[in-house]
Structures are given as structure tokens and as C-alpha cells.
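Listed below, chain by chain, are the residues.
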Amino acid sequence: MYDSVQRKVVEFAPLVPGEVSIYCCGATVQGAPHLGHVRKEVNFDVLRRWLEHSGNRVTMLTNITDIDDKILAKSAEAGRPWWAHAFLFEAAFHEAFRALGVRLPTYEPRATGHIPEMIELMAILIERGHAYAAADGSGDVYFDVRSWPSYGELSGMKIEEMTAAEDADPRGKRDPRDFALWKGAKPGDPDSASWETPWGRGRPGWHLECSAMAGKYLGDAFDIHGGGLDLRFPHHENEIAQSKAAGRGFASYWMHNAWVTLAGEKMSKSLGNTADVLAAVNDHGGRAVRLYLAGPHYRSAIELSEASLTEAAAQLARIDGFLSRAKAASAKFPEAGGPVALPVAFTEAMDDDLGTPGALATVFNTVKAGNVALDAGDLAAASLAHTEVLAMLDIFGLNPSAPEWAGAETEAELLPVVDGLVAALLEQRTQARTRKDWAAADAIRDQLAAIGLQVTDTADGPRWSLEK
């Protein structure tokens, strides 16, 4: 995998053979999720599935930031308590994850549930000379970046090149680049939004909470820390500094997924160029949106457009079309002779820095081979292709029969019904063409086109497909 600290692809070796521990920075629940937020969830869900398929037991933590400046500001605008506001949008994120077939993490800790661990971590840093309480009595606690010579190891920046940290008021700072571990309570803050510490009442800084929660559940050292590319600096840089300065090994590998962009810009609420997850799911289906997010390489930016989502839906229809044909012929398939291995090309792609584009190409090659086998009546080859496609879809989280899609009306479920109805119409069209009733044949073709079905005449007879 590509390690963001070493800036190269390296061999992945977990600390404990056969067990993989992952911490992913999760949602700050200030508002509704957009497609940029959930790309990380889908990418790391695919990583988890691949690691498990490869024989590992995976422990995955994804945190929830349920207290910060934006949550306080937006909850005040909405006229609701900050904790109610946070819970409302925590539920919205969970709904979006379910709509995309993202499995629950092993555990999902909230920042507000781990104040004791944060106080303990701050005390260690102060004792070691890497943090200090503001001398003005504000209750602020800062990390002293100049006390940690390795600061900048993830981003590659030198301290002298960095601008002032903007995560807190500059009051009481020794250096403008020092970042807040703890933010002292301010006049006007809700009483419920602060906690008592040895240095005064206040609430956690964003960076501190992740180090505290990762250490609580994964220990001082764990395997993979993941998150969006936009978190690399300052958030992840600060996590590394405060954790290692406290004597903890922290993450062995760092993985960052790239952005979803609109017109070349990172999708963000501040820019206003967001795309609602549930609206995209309603228009294109959850599996198609998941395919759109999982298909490109996780380190490549994705440009969002209606055309790209439509193309993902069309790709899924091709896969589901084969699954439908194979299911209809499955009663004639020869009995399977034991477990079927994934295609070598798929395995090699996934083992090469989670190469989903190459893996997806293998899915489509297998679908094509399966259709050819069905056309030729080669039921053994068709059966093998069907089994391999389903196994690969399991890794992508796209198997229509999987529990996460239970109850959903998928195209794979609807296609046999549609196929039967269309077959009857195509038979009528064939009979019309046989008696040279071109008007009747064209009318049937036009009726099918009007409801989104495209008919193609081939040497083996008419074929239909969904127009997306």
C-alpha cells in the first residue's frame, strides 16, 4: 500500500499476523453528508473487505466528532441544543452509509464520551514538556510544535514554512503555529459544552480527540490510520506529533483517499458545491453510487457529474444483466467442484495498493466471458464466470444478494421480470419482421425505446439493454 509518511508503496505487514487494526477519521456531524464525505467510508469499507477476504481479522474504528466550533455555531443558528443538532446529523450520516451498503465499524466512539482519556493525554504531554496551559488563565492548552523536531513528517513541511494554526484564538500561545489541545470555555458558550480539567473548563480540540480514542481502543500502536487527503495537514500531522510525543507508537501506515470534485474543486460545504447522498441514491440506486465511488483508485480524484453517475448505473446494469441471464440458466449448470478462487488478475490488482480500477476491469472481462459462454451453451464456463463475478462483487460490496442490500429492489431482482415481458414483445416484433410488417416491428421498437429499453438486432437475434 501507499504510505503517506514514506511517500511510496510499501509491503504491508500488520503488527500481529492475521489481525489488522484500522482507525479512520469520521464525520464532524455539523450538517448532512455529501458524496465527498462518504467516499472515505466506501473506500475503507472495500479495504476492510479485501483484508478480511485475505484471511485477516479486522478491527476498524471510525470516530464521530460531536462537539466543535461549527457544531456550536450551526446549532445556535438552527435554534436547537448542540447535542441534539449533532445527534440529528449523526443519524443522517448513518442513513447515508446504509444506503451505500457500508458496514458498521467494529466501534464508533464519540468525542464527548472520551474526555477523561483526553485529559490524561494532555497531562502526559505537559509533563514531558511538549504542551502547556495558557498563562492567561483562559483554560486553553496548546501543543508546543517546536518541542517536537519531527513535526511536519507527514506533510513534508518545515515549521518555518507553516502559517499560524487557526484552530483556536491566539491568546496565550507561545508560537502562533502551536495548535490547541483544549479550548477554554468562552462567555456565551452553552454550559453543557464544557468540561472541567486541571487547567480550567473547556472542550477538546479536534486533533486531541482522535489520538485519545485510537489509543483507548487500539492501543499505543496500531496498523493503519486512514482519512481524506484534506486531513493530512494539519489534522493528521498534529495527531502524529501529539501521540508520538506522548510516547506512543501510533499508526504504522497512513492511507489517504483523494477528493470528490466539482469543476476541479474539492467538494465542501464552505464552497457550496455539495451533492446530497440520498438524492444521488434515489436517482441512480445505492449500488450504482457505491460503484461510482469504489471503482476509481482511492488516491485519484473523482469528478462528480450527472454523466459519471449515469455511467456507473449503466456499468452496473451490464453486470446485473449477466447475473440475470446466468440465474435463469443456473438450473442447468453442472455441480460445482469446491470453492472457486478469484481471478488472478483481480487478486493482483487488489494487492497492489487496493487497485480497484484493475479489479473492476477483471469483473467486466469475466462478465463478457460469461455472456459469451451462455451464448455458446458452455454451461460450465458460464457457471464459473457467475461464481467469480459474485465473489468479486462481494469484495466491492456490490453483491445484490448480500445482507446490506436485503429488501432493496435491485436491478438484479427486476431484470428477470423485465426480461420475460420484453422477450414477449420481441417475439411479436420478430414475427412482424418475418411477415415484413415493418410498421408494426418499428412500433414495438419505438415503444420499448420510449420506456428506456434499447433493442439491437444481432446475428443471434435481437438483444435489449437498459438506457441509463
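Heads up: these notes are all about the structure in this document.

**Let's talk about the pattern of salt bridges**
Side chains that differ in charge, positive against negative, can pair when their charged atoms come close. Within the structure shown, the criterion is met by 25 salt bridges. Between Asp 320 and Arg 287 there is a salt bridge, with its nearest N and O atoms 2.9 Å apart. One end of the pair, Asp 320, is in helix α9 (residues 306–329); the other, Arg 287, is in helix α8 (residues 286–294), with 33 residues separating them in the sequence. Both residues of the pair, Asp 320 and Arg 287, belong to the buried class. Across the pair Asp 446 and Arg 445 runs a salt bridge whose closest N-O atoms are separated by 3.5 Å. Residue Asp 446 is classed as partly exposed on the basis of its relative accessible area, which comes to 44%. Via salt bridges that share partners, Asp 45, Arg 48, Arg 49, Glu 52, Arg 103, Arg 290 and Glu 404 belong to a single interconnected network.

**What to know about helix α7 (residues 277–284)**
Here α7 has its buried residues at Val 277, Ala 280, Val 281 and His 284. Mapping the buried residues of α7 onto a view down its axis gives an arc of 100°, with all of them on the same face. In this structure, α7 carries Asn 282 and Asp 283 as exposed residues pointing more than 90 degrees from its buried face. Looking at the buried side of α7, the elements it contacts are α1 (35–53), α3 (82–99), α8 and α9. Capping the start of α7, Asp 276 holds a side-chain oxygen 3.1 Å from the backbone nitrogen of Leu 278, two or three residues further along. Among the residues trailing α7, Gly 285 stands out with phi positive, at a value near 95°.

**Quick notes on the sheet that holds strand β4 (residues 57–62)**
The strand order across the open sheet built from 4 strands is β4-β3-β9-β10, with neighbouring strands paired in parallel fashion. Here the strands that pair on one side only, and so sit at the sheet edges, are β4 and β10 (250–257). Shown here is a sheet whose adjacent strand axes are inclined to one another by a mean of 25°, direction ignored. Relative to strand β3 (residues 19–24), helix α5 (residues 206–218) is tilted by about 160°, and along the sheet it contacts β3, β4, β9 (221–228) and β10. Where helix α6 (residues 232–245) meets the sheet, its contacts fall on β9 and β10, and the angle it forms with β10 comes to roughly 175°.

What counts and how
Residues numbered from 1 in each chain as written. Predicted model: local features only at pLDDT ≥ 70, side-chain atom pairs only at ≥ 80, totals over all residues. Heavy atoms only, no water. Salt bridge = Lys/Arg side-chain N within 4 Å of Asp/Glu carboxyl O. Helix = DSSP H or I, 4+ residues; strand = E, 2+ residues; numbered from the N terminus. Buried < 20%, exposed > 50% of the residue type's maximum accessible area, 1.4 Å probe, protein only. Arc of directions from axis to C-beta. Contact = heavy atoms within 4.5 Å. Polar contact = N/O pair within 3.5 Å; in protein donor to acceptor, adjacent residues only side chain to side chain. Pairing = 2+ DSSP bridges. Axes fitted to C-alpha atoms, helices over the stretch in contact; angles between N-to-C directions.

Nothing here speaks to function; it is all geometry.
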